[in-house]
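Each chain, written out:
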Amino acid sequence: MFESVQENPYPDSHVLGEGPEPHPLLRPVLPLLGRWHGRGQGEYPTLEKDFAYEQEITFSHDGRPFLRYEARAWLIDASGTPVRPAGREAGWWRLTPDASLEVVLAHPTGIVETYVGRVSGAEIEIETKDVALTPLAKDVTGTRRHYTVGTGELTVVHDMAAVGQPLQHHLTTHLRKRSS
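The sections below set out a description of the structure shown in this document. (Residues numbered from 1 in each chain as written. Predicted model: local features only at pLDDT ≥ 70, side-chain atom pairs only at ≥ 80, totals over all residues. Heavy atoms only, no water.)

**A look at the pairing of strand β6 (residues 111–120)**
- A one-sided burial pattern is seen for β6, the buried positions being Ile-111, Glu-113, Tyr-115, Gly-117 and Val-119 and the unburied ones Val-112, Thr-114, Val-116, Arg-118 and Ser-120.
- With eight bridges connecting them, strand β5 (residues 100–107) and β6 associate as antiparallel partners. Looking across to β6, one finds that Glu-102 is bridged to Val-116.
- Turn length for the β5-β6 hairpin, with the two strands adjacent in sequence and antiparallel, is three residues, and the turn residue Gly-110 shows positive phi of about 95°.
- Pairing geometry for β6 and strand β7 (residues 123–133), over ten bridges, is antiparallel. (Buried < 20%, exposed > 50% of the residue type's maximum accessible area, 1.4 Å probe, protein only. Helix = DSSP H or I, 4+ residues; strand = E, 2+ residues; numbered from the N terminus. Pairing = 2+ DSSP bridges.)

**A few points about the packing of aromatic side chains**
- Taken as a whole, this structure holds six aromatic pairs when the rule is applied.
- Aromatic side chains Tyr-69 and Trp-93 sit 6.0 Å apart centroid to centroid with 35° between the ring planes, which places their arrangement in the tilted category. Of the two residues, Tyr-69 sits in strand β3 (residues 66–76) while Trp-93 sits in strand β4 (residues 82–95), which places them 24 residues apart along the sequence. Here Tyr-69 matches Trp-93 in class, with each residue buried.
- One aromatic cluster in this structure is built from Phe-59, Tyr-69, Trp-93 and Tyr-147. (Phe/Tyr/Trp six-rings, centres within 6.5 Å; stacked < 30°, edge-to-face > 60°.)

**Considerations on the side chain of Asp-159**
- With respect to the secondary-structure elements, Asp-159 resides in strand β9 (residues 153–162).
- Judged by relative accessible area, which is 12%, Asp-159 ranks as buried.
- Once you skip the residues sitting within four places of it in the chain, Asp-159 turns out to touch Gly-142, Thr-143, Arg-144, Leu-167, Gln-168, His-169 and His-170. (Contact = heavy atoms within 4.5 Å.)

**Some thoughts on the environment of Thr-114**
- Positionally, Thr-114 belongs in strand β6.
- Note: C-alpha distance between Thr-114 and Thr-173 (59 residues apart in sequence) is 21 Å.
- Residues within four places of Thr-114 in sequence aside, it is in contact with Val-103, Val-104, Glu-127, Thr-128, Lys-129 and Asp-130.

**So, unusual backbone geometry**
- Positive phi is not limited to glycine here, since Ala-99 has a value of about 70°.
- You can see Ala-99 is positioned in the loop between β4 and β5.
- In this model, Val-163 sits at a positive phi of 40°, which is unusual for a non-glycine residue.
- Relative to the elements of secondary structure, Val-163 occurs in the loop between β9 and β10 (168–178).

**Section: the pattern of salt bridges**
- Under the criterion given, the structure shown has twelve salt bridges.
- Here Asp-130 and Lys-129 are joined by a salt bridge, their closest N and O atoms 3.5 Å apart.
- Taking the relative accessible area as the measure of exposure, Lys-129 reaches 58% and is therefore exposed. (Salt bridge = Lys/Arg side-chain N within 4 Å of Asp/Glu carboxyl O.)

**Considerations on the nonpolar core**
- Leu-32, Phe-59, Trp-93, Ile-124 and Leu-154 are the most contacted members of the largest nonpolar core, which totals 25 residues.
- At the level of secondary structure, the elements contributing two or more residues to this core comprise β2 (51–60), β3, β4, β5, β6, β7, β8 (140–150) and β9.
- Setting aside residues no more than four positions away along its own chain, Leu-32 makes contact with Phe-59, Leu-67, Trp-93, Ile-124, Val-149 and Leu-154.
- One finds Tyr-44, Ala-137, Met-160 and Ala-162 within the second-largest nonpolar core, a separate group that totals six residues. (Core = buried A, V, L, I, M, F, W, Y, C linked by side-chain atoms within 4.5 Å.)

Limitation: the analysis is restricted to geometry and does not speak to function.
See the structure below:
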């Protein structure tokens, strides 16, 4: 009853030189392409204690002028043993001709954020323009993220305003690029 269906002819690529040619607008963020893995520390005034986590982030593209973004994190104990899954998000990073950035991120906890920002060399700064919440989502009112890209290294600093608290530091992650 079903016709034969071909494999997706337009797969995403997270490795330069493999898959489709990146769109020229992606030039400022091409160093982000790849799979990243690292550790981080988190804190927030409403939490009982600070926490440690590991995270993997993937940036990929399909030849159009945006990046696909996915991040997963899991809590770890003092010895680095995984404790449980933690934050997860997915979305899209779209660049404009003037190197400004528009980002849409969705979280399985009922939060959707739109960001605006800029790329300036190895530094990327984005801040929420809008936050939409499902009825049972945590009350997040704003976030800001700062990405620093080095040779094979990525640092992410994430500030958050939530549950009645002003915008303040929440997470810092240091990641290394993984080979394919």
